[in-house]
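Structural overview for review
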2 protein chains.
Amino acid sequence: MSSLDFLFRPKTVALIGASHDERKLGGVILKNLLKFKGRLYPVNPKYDSLMGIKSYPSVDEVPEFIDLSLIMRPAEEIPALLKSHKGKARCAVVMSSGFSETGRGDIQDEIKKIGIETGVRILGPNCMGVYNPGERLDTLLLPAEKIGRPKKGNVGVVTQSGAILHCFFGIMKASNIGISKAATYGNAVDIDECDLYEYFSRDRRTDVVISYIESVGDGRRFLEAAKGLSGEKTLLILKAGKGSSGEAAAYSHTGRLAGRYEVFTSLLKQFGIKEVRDFDEMADAVKALSYQRPSKGNRVLIITNGGGSGVLAADECMRQGLEAPPLPPEKTARLKETFPPFYAIHNPLDLTAQVEDGDYLTALSELKDDFDGFVVIALAGVPGITEGLSAMIADFKKKTDRPIVFHTTCGCGEGKLISAFERSGIPVYPSPERAVRAMKALLGER
Amino acid sequence: MSSLDFLFRPKTVALIGASHDERKLGGVILKNLLKFKGRLYPVNPKYDSLMGIKSYPSVDEVPEFIDLSLIMRPAEEIPALLKSHKGKARCAVVMSSGFSETGRGDIQDEIKKIGIETGVRILGPNCMGVYNPGERLDTLLLPAEKIGRPKKGNVGVVTQSGAILHCFFGIMKASNIGISKAATYGNAVDIDECDLYEYFSRDRRTDVVISYIESVGDGRRFLEAAKGLSGEKTLLILKAGKGSSGEAAAYSHTGRLAGRYEVFTSLLKQFGIKEVRDFDEMADAVKALSYQRPSKGNRVLIITNGGGSGVLAADECMRQGLEAPPLPPEKTARLKETFPPFYAIHNPLDLTAQVEDGDYLTALSELKDDFDGFVVIALAGVPGITEGLSAMIADFKKKTDRPIVFHTTCGCGEGKLISAFERSGIPVYPSPERAVRAMKALLGER
């Protein structure tokens, strides 16, 4: 398998179907490409220049070899266009739709054949291409004014659906998660999730890969690529189409498709590949894993200032197969001496509504070597909780490599507290259960 | 069972342990009570007046019969204080902690006995009392400056834990959910969730009751009260302490406590009482049920402009036991004539990234009688989606009594679109799966 560097780090990019009109797809893409570090060649026979950049009438006229050609033209034109790339381009991203997803499997088969004949690698069709902030390469159909890009970071994105890339960008921005590179591969006539997993397994800027999959071509190859990536980084898979899509609904009573999904999910488990249950679990897990390194163990300490919140966290630990074991007796004795008599020195450790910031640090410092991970809960409406808490917990974090997640209420003006925690690399969740599920993601060994 | 009107609509309220110091609990409560519509009597032997209100040295000196007495004094003082309420007060809320939860079951037993002997009804101990915005009655230990109260509305809250009330307030404010009345009952020596369910089943301002429970006293009575309330309103129960709290963790391998929880949850199902799985499911369900009336059926139409999002929604329908059946053939034919050829006229109905606002209305109007509920998905980064979409969907909502929920991305500046939807009574969720689970809550018949 050759490297996909030409896809993520091209020196030369052409855009076939470029437009000067930002309301058109060829205009959206061109605008996003204006910041590209390398050399950009818009192709449109009607114009000499587009958005201030010299334009070319055809691929042939482009004055150098094209590493990456982006094609945004109607499906019917694609076969001829691709043929014109022979010897002229390394890789073509077919962004247009109108192939097997709308009943034109014939054109799709044709372009697959042309890819093999010409040696031009193909991403797509029916995809949004790639995003690599390191090269300022942005081929996406998403207008950057409307859909801001996440900051640079350590999360790679591999998604079959462009819509889900849009949604991933949303949660990454909302949760201050950084991106390394993203690729969407749509109908996957050539380059597919396996190629991309192999690429990301060697990408030094990426620690975590999130992947949305609807269908898999060669199951054996998929499992090997996913296992390979999972050995190097953390890979999180969200599998959609579990047997309930429009068409599948008709079959669902037979259990046939649902059965297939069960096979898929049990194979993932068997190969040690992590699957998330739904979009929200993906969002919560990737936030934790982009902020902190995964770790081992399953013994969790819950520290709270709200009894009920601690109990909900303990319930979720049980559901997630995490343990919340009692404190060591000598530590219990010592904390009982330190804390007021109405604090409940158990696990959950309940510091009650009369807590002060420093109590968290006291408890964590005392128990830092007795647990594998720390779920810290501070309902922020209580007088003794201040923004100073974040600095204390951040300080503690420097002294341990074990994961820490934080839950506080939302809707009561906790914005600053939450930001302060997240700036310190401690992910914040709006419920005890979500915080515990994030801990579970962190405590799964790779 | 007598009405709990004295608890929620007292004419006279005393606060034993009132303070002028807002940093003290007796000061927090007094400050919250300053807006109370009825007559307020602070009790504190050290002062003649507190926060500008005449204060009394003891319960005896209060110049009239007390409907509701709030007691915020150390646990040891409570028995004597309660005795002094005989013939003088109808109901006492013991807010202090320091009873069975900290090993002083002896004092708790004593106050239970005193309640029976004196005829004074007791709420608590170890609770935050009640909130009734209609009477501007706010006995909570939560400083209103730090924890704003939700707006007035149709949701009643019954919670054993004050911390969870705090969290409920957070989500109600964040989701623009209105509150009718709230009660916290802590250790429940007398008034418990059953009494409160009975009260709420007759409360005309309440349509939905959310209830957080850790323990239940008399199982049979609980099931009857919960069933009774479920027959009149929508009751949602969040049960904590499923066998994993600190103490319980030690027993968890025996499966004894987990087994008990399984009995509880299967009894709820058998009695037609709704249980939510976790805090987040409660938050999502109460939002939907406070905005819209529950309805019948299980056939859901999914309309989307993002293919992947539609598939995730369809997957969740399957998991939730909802159907996403195909469109009627004649409607499919008509929509195929109306819409561009690349729209996928199935269920999910995929209007693609080239959608315009009006397409949603076209589809919904055509299919309004063919489905029991509508999950509408609009990823907002697409050029054709504008804030005008909310007015269109709101217009459609006026023409149907079937539930509609909405999903859009977050983190990309959709704030205005979301607000516009929610002002129209259409709840918005940040993932397809959460939108579908909210639809499930709406489609459960009462």
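Quick notes on the rules
- Residues numbered from 1 in each chain as written.
- Chains lettered and ligands numbered in written order.
- Predicted model: local features only at pLDDT ≥ 70, side-chain atom pairs only at ≥ 80, totals over all residues.
- Helix = DSSP H or I, 4+ residues; strand = E, 2+ residues; numbered from the N terminus.
- Buried ≥ 20, exposed ≤ 12 C-beta atoms within 10 Å, placed from the backbone.
- Contact = placed C-beta atoms within 7 Å.
- Domains from an automatic or database assignment.
- Nonpolar A, V, L, I, M, F, W, Y, C, P; charged D, E, K, R; others polar.
- Core = buried A, V, L, I, M, F, W, Y, C linked by C-beta atoms within 7 Å.
- Axes fitted to C-alpha atoms, helices over the stretch in contact; angles between N-to-C directions.
- Parallel < 35°, antiparallel > 145°, perpendicular 65-115°, else oblique.
- Left-handed = near helix turned anticlockwise from the far one by under 90°.
- Least-squares fit on C-alpha atoms with pLDDT ≥ 70 in both.
- Expected span 1.5 Å × (residues − 1).
- Right-handed = clockwise from strand over helix to strand, strands pointing away.
- Pairing = 2+ DSSP bridges.
- pLDDT = per-residue confidence, 0-100.

Let us now look at the overall build of chain A. For chain A, the count of helices and strands is 16 helices and 20 strands. Each of the three principal axes of chain A carries a C-alpha extent, and together these read 80 × 55 × 35 Å. Taken across its 446 residues, chain A has 55% of its residues classed as buried. In chain A, of all internal contacts separated by at least 6 residues, the share reaching a separation of at least 24 is 73%.

So, about the domain arrangement of chain A. A common way to express how large an interface is: the accessible area buried when the components associate. All names here are of chain A. Looking at chain A, the domain boundaries give domain 1 (1–123), domain 2 (147–291) and domain 3 (293–443). Averaged C-alpha coordinates put domain 1 and domain 2 at centres separated by 25 Å. On the domain 2 side, the residues contacting the 14 residues of domain 1 number nine residues. Those elements that provide at least two residues to the side of domain 1 that touches domain 2 are helix 4 (105–118) and strand 7 (121–123). Broken down by class, the residue content of the side of domain 1 that touches domain 2 amounts to seven nonpolar, four polar and three charged.

Of all hydrophobic cores here, the largest spans 295 residues; its most connected members are A:L70, A:I303, A:V375, B:L70, B:I303 and B:V375. Beyond its immediate stretch of four places on either side in the chain, A:V375 contacts A:V300, A:I302, A:A313, A:V405, A:A435, A:V436 and A:M439.

Residues and elements named next belong to chain A. Cis geometry is adopted by the peptide bond preceding P125, which originates at G124 and carries an omega value of 0 degrees. Mapped onto the elements, P125 comes out in the loop between strand 7 and strand 8 (130–132). In this structure, N176 takes a positive phi of about 60 degrees despite not being glycine. Along the polypeptide, N176 turns up in the loop between helix 5 (162–174) and strand 11 (179–184).

Right, let's talk about the packing of helix 13 (residues 357–367) of chain A against helix 14 (residues 388–398) of chain A for a bit. Residue and element names in this part refer to chain A. The geometry of helix 13 relative to helix 14 is characterised by a closest axis approach of 9 Å and an angle of 15 degrees between their N-to-C directions. Relative to helix 14, the element helix 13 lies roughly parallel. The two elements helix 13 and helix 14 cross, and the hand of that crossing is right-handed. Between helix 13 and helix 14, the residues in contact are D357, G358, Y360, L361, L364 and S365 and G388, L389, M392, I393 and F396, respectively. A class-by-class count of the residues in the contact of helix 13 with helix 14 yields seven nonpolar, three polar and one charged.

Another point: the relation of the copies chain B and chain A. Here chain B sits on chain A after a turn of 180 degrees about the axis and a move of 0.0 Å along it, with an RMSD of 0.0 Å. What we have between these two chains is a two-fold relation. Minimal C-alpha separation from the rotation axis in chain B is found for B:D280, amounting to 5.4 Å. In this assembly the copies share their binding face: 100% of the residues contributing to the interface of chain B also contribute to that of chain A.

Residues and elements named next belong to chain A. Along the chain, N187 falls in the loop between strand 11 and helix 6 (193–201). Along the sequence, N187 and S97 sit 90 residues apart, while their C-alpha atoms lie 9.3 Å from each other. With sequence-adjacent residues up to four places away left out, N187 is seen in contact with F99, S100, E101, Q108, G124, P125 and N126.

Moving on to helix 16 (residues 432–443) of chain B. All names here are of chain B. With 12 residues, helix 16 should reach 16 Å at 1.5 Å per residue; the first-to-last C-alpha distance of 16 Å fits that figure. Burial of helix 16 is extensive: 12 of the 12 residues sit out of reach of the surface. Within helix 16, the full set of buried residues consists of P432, E433, R434, A435, V436, R437, A438, M439, K440, A441, L442 and L443.

Another point: the pairing of strand 6 (residues 89–94) of chain B. Residues and elements named next belong to chain B. Most of strand 6 sits inside the fold, with five of its six residues counted as buried. In this view, the connection linking strand 5 (residues 66–71) to its parallel neighbour strand 6 by way of helix 3 (residues 78–83) has right-handed handedness. Where strand 6 meets strand 7 (residues 121–123), three bridges bridge the pair, whose relative direction is parallel. Paired with C91 across the bridge in strand 7 is R121. Traced from strand 6 through helix 4 (residues 105–118) to strand 7, the parallel crossover comes out right-handed.

Each partner contributes to the interface: chain B provides 68 residues, whereas chain A provides 68 residues. Listed by contribution, the elements that provide at least two residues to the side of chain B that touches chain A are helix 5 (162–174), helix 8 (246–249), helix 10 (279–291), helix 11 (307–319) and helix 16 of chain B. Sort the elements by how many residues they give to the side of chain B that touches chain A and helix 11 of chain B lands first, with 10 residues. Broken down by class, the residue content of the side of chain B that touches chain A amounts to 32 nonpolar, 23 polar and 13 charged.

Residue and element names in this part refer to chain A. If you trace the seven strands from one edge of the open sheet to the other, you get 9-8-11-10-12-13-14, paired in mixed fashion. Of all strands in the sheet, those with a lone pairing partner are strand 9 (137–138) and strand 14 (274–275), marking the two edges. The strands touched by helix 10 (residues 279–291) are strand 10 (152–159), strand 12 (208–213) and strand 13 (234–239); relative to strand 13, the strand with the most contacts, the crossing angle is about 170 degrees.

Turning our eyes to something else, we now look at the environment of A:D67. Residues and elements named next belong to chain A. With respect to the helices and strands, the residue D67 is situated in strand 5 (residues 66–71). C-beta crowding within 10 Å serves as the criterion here: with 19 such atoms nearby, D67 is assigned to the partly exposed category. Contacts of D67, omitting those with residues within four sequence positions, involve F6, P10, K11, T12, V13, R90 and C91.

For the rest of this paragraph, the subject is the sheet that holds strand 18 (residues 404–407) of chain B. Residues and elements named next belong to chain B. Across the sheet, five strands lie side by side as 16-15-17-18-19; this open sheet has parallel pairing. Each edge of the open sheet is held by one strand with a lone partner, namely strand 16 (349–350) and strand 19 (428–429). Sheet topology places strand 15 (residues 300–304) next to strand 17 (residues 373–377); four bridges connect them, and they run parallel. Looking at the pairing, V300 lines up with G373 of strand 17. Seen against the sheet, helix 13 (residues 357–367) touches strand 15, strand 16 and strand 17 and runs at an angle of roughly 165 degrees to strand 15.

Residue and element names in this part refer to chain A. Here chain A averages 92 in pLDDT, and 95% of its residues register 70 or above. Across residues 244–257 the pLDDT falls below 50, and counting only partners more than four positions away or on other chains, this stretch makes 31 contacts in the model. What the predictor reports for the complex is a pTM of 0.93 with an ipTM of 0.93.

All names here are of chain B. Relative to the assigned elements, L301 resides in strand 15. C-beta crowding within 10 Å serves as the criterion here: with 23 such atoms nearby, L301 is assigned to the buried category. Expressed as a C-alpha distance, the spacing of L301 and G373, which sit 72 residues apart in the sequence, is 6.4 Å.

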